[in-house]
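# Notes for the structure review
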Amino acid sequence: MKKFDLLNNNNRRRCGKALLAASLLLVTVGGVLRLPSVQAAFFPGSYHAIEFKSIRQLCVKIEKRLITLRADLAILQKLAATGAPSSLQYDPQVQTDRGPGWQVVVHETKQARVSVLQKLNYINATLNAMEGEINRQIVAGPKAVTFRYIHPAQTLRKIALIRARCRKYREALSKLWGKVTKLIGPCD
Amino acid sequence: MTESSRRFYLTWLPLVIILALGAFLLLYHLDHRPFWQDEAETACLAKNVLKYGVPRAYDGVNIISQEEGHEFGHNYLWRWSPWLQIYVAAAAFKIGGLTTYAGRFPFAVLGIACIFLVYQLVNHNFDDPVWASLAALLLATSVVFLLFARQCRYYSLGAFLTLINLYVFREDWQHKTGPVLLFCASLGLLFYTNYLLFFSYVGPLMLAALLLYYREIRWSRVLVLAAGTGLLILPGLFLFRVEQQTAMISLSEIFDHLQEYTGDFLQFMFPLPLGLYMLWHWGRNFWKGSGFLANPAEKFILFISVIVLGNIFILTPAPQCEMRYLVHLYPLCTIVLAWLICRAWSYHKFSGALLGVLLVATNFLYVLPMDWLRLINRPVHNDPYMLSYPNIPLKLYLTGLSSSYPDVNEGLIKFFQAHARPGQTILTAYGDLPLEFYTSCKVIGGLQSPISFKRSPDWLVPRWYVRWNRQYNLHASEKAIRRLLAQPGAYRPVTLPYYEDEIFGNRPDPYFHRFIPPVEPLSPLTVYEKIRPAKQQ
């Protein structure tokens, strides 16, 4: 019997063709099996997955927001040390060393106090909304039946990690609140 | 069969059939769903063009803004983005009336023109009607391209001008005046379509031309082209405050954007395995020095590929990473894909045919390899009947067009048309622009800032999806709605049956576009009506 020689050009060409056809057939069969209607008919409920992209993006946003909050506080502390009652206001026309839009506004004492309290309230509302959003995403996640297989235990572990991060952000806000309260008196 | 009839059957008949198919897919039920926020921005500005002659962001009642008022100055003249798409929509409204169909029609027609140009570009330059027909067919059946081309936005206009420019580039611009004028005009108009497309296209075009057509370049003509195009775009550079927007470029996000654009590109425009094959093929030929660039078709494919990849790379520092900035590259991708199908066919007929079927009829080759390599990150709100999952896209597309869909904007528009009195105020967290276009109410909120009202709004529309501004603060409308809803007894909820509070509505991006209602219901759509104190007798 004649031996198969891979170095022979004709054989290599035949192998290449077979490989190409087999790969394309594999994709075709794989795709047909993963069509939603085929999945629903033959593999109901077999895959549960949660996609973490949007949650990860949200965490990145929260972290960026916290960085700006800390920077706000640093400026407030510095100004309090000089005895100038002040607050931060957003103004898109202004360019500062912290990026566009922030400027320090010197006010009467009462006005500054109101302004800072308002800002803290906004920060609080922002964090509440962020937490609400994460919770909603987590609730929405497991509902979304997808074809990516993630083991339920792994999913739960990821959810626990995200909730822990939320707690961390909440603690960070409490600390900020405490520091500002020290600076401007109790928040009533 | 005579030579002329053979030529007719081979050249023109397939083109006519493909154009008819494309026209049907692009024009059928064009007003099936109402404008979503971004389309409505163009439509509202176009409406104001009919009134004032220029795109003003304020019509005396409502403000058009999605960037907290940064889009205009004290005279409300729109300076955030170029005006060409606005004037195209305005012309359509002038002829066809203020309807959804009229607003989308010119852009859909430009989509059909793109299909024709793809065919013409290939057939005219390489005299290969099979390759040309396949490329046109791939574009005509590309559901993502169809979705974008059916929007009242610049997407198909950008693709059309890119194709015109490429077509002219292969003409005798070195010696003739006509191609030079058309070259400058196409680039100038591309700038006025969207300058991000212009900047991301021109750089790679020059690079690819230098690398691959260096010997054909006549530098005196290049100077004429540069001067002509520069003169055309110069007023726009100042009018649209391009230098201010460059301040928003974020170098720290380049890597993230590169990742996202590459993901989108491989998942919806050019399958990963074919991309790898191209790299292997060219790498091997460069290594061997086999002179493959002597083949004009292969040289042109490499030229297009450099443009596409360079385009993606230049887009990465831009402040927003959106699939829409890649749409003008779709026709170029289909030319490369069709060339690959022809190549596969000449190598092994069965594989060539199967590759053709896979690319025209399914998205398996796009989605599955990314899925197997775990490179897909689908947002939580995706479901299996979207293009981010293995599907038969045309079937989904036609099902979507031929059945009713609980579009969030449609729900709100119909509700307020039926229940709100003209002149009443609606404060909404998002989707303010469709309401401005379709209703006669005063609409505030959305992504505008600041939000001011003398008396509390008659209607509130909080949305399930929370939105933040560029400084990662809650939008002013979100804060205002939360504050108003916190007042006890001020508003009562009204849940809209059938409609769901999805994030955007008829957004064409494959990660967001639903063709049929979601498998798992989303949040119900709820609006809040102000409780009026009972009148004393």
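Scroll up to find the structure.
Our subject in this report is the structure included herewith.

So, about the pattern of salt bridges. Pairing between side chains becomes possible if they bear opposite charge and their charged atoms approach one another. All names here are of chain B. Going through the model one piece at a time under the given rule, you end up with 15 salt bridges over all chains. Residue glutamate 41 pairs with arginine 153 through a salt bridge whose shortest N-O separation is 3.7 Å. In this pair, glutamate 41 is assigned in helix α2 (residues 37-52) and arginine 153 in the loop between α6 (143-149) and α7 (155-169), connecting sequence segments 112 residues apart. A relative accessible area of 9% places glutamate 41 in the buried class. For arginine 153, a relative accessible area of 6% puts it in the buried group. For the salt bridge of arginine 463 with aspartate 501, the shortest nitrogen-to-oxygen distance reads 2.8 Å. Here aspartate 501 lies in the loop between β4 (491-500) and β5 (524-530) and arginine 463 lies in the loop between β3 (459-461) and α21 (476-485), a separation of 38 residues in the sequence. Neither residue differs from the other here; arginine 463 and aspartate 501 are each classed as buried. Residues joined in a network through salt bridges with shared partners are Arg33, Asp407 and Glu502.

With that out of the way, let us pick up helix α8 (residues 177-193) of chain B. Residue and element names in this part refer to chain B. Between its first and last C-alpha, α8 extends 24 Å over 17 residues, near the 24 Å set by a 1.5 Å rise per residue. Along α8, the residues classified as buried are Pro179, Val180, Phe183, Cys184, Ser186, Leu187, Gly188, Leu190, Phe191, Tyr192 and Thr193. Buried residues in α8 make contact with α3 (84-96), α7, α9 (195-212), α10 (219-239) and α11 (242-245).

A separate point is the packing of helix α1 (residues 3-27) of chain B against helix α5 (residues 129-140) of chain B. How two helices pack is summed up by the angle between their axes together with the distance between the axes. Residue and element names in this part refer to chain B. One way to put it is that α1 packs onto α5 with a least axis distance of 9 Å and a crossing angle of 5°. Classified by the interaxial angle, the pair formed by α1 and α5 is roughly parallel. Between α1, through Leu10, Thr11, Pro14, Ile18, Leu21, Gly22 and Leu25, and α5, the contact on the second element is made entirely by Pro129, Ser133, Ala136, Leu137 and Ala140. Looking at the contact of α1 with α5 residue by residue, the classes come out as 9 nonpolar, 3 polar and no charged.

Conventions adopted
- Residues numbered from 1 in each chain as written.
- Chains lettered and ligands numbered in written order.
- Predicted model: local features only at pLDDT ≥ 70, side-chain atom pairs only at ≥ 80, totals over all residues.
- Heavy atoms only, no water.
- Salt bridge = Lys/Arg side-chain N within 4 Å of Asp/Glu carboxyl O.
- Helix = DSSP H or I, 4+ residues; strand = E, 2+ residues; numbered from the N terminus.
- Buried < 20%, exposed > 50% of the residue type's maximum accessible area, 1.4 Å probe, protein only.
- Expected span 1.5 Å × (residues − 1).
- Contact = heavy atoms within 4.5 Å.
- Axes fitted to C-alpha atoms, helices over the stretch in contact; angles between N-to-C directions.
- Parallel < 35°, antiparallel > 145°, perpendicular 65-115°, else oblique.
- Nonpolar A, V, L, I, M, F, W, Y, C, P; charged D, E, K, R; others polar.

Everything listed here is a matter of geometry and, on its own, says nothing about what the molecule does.
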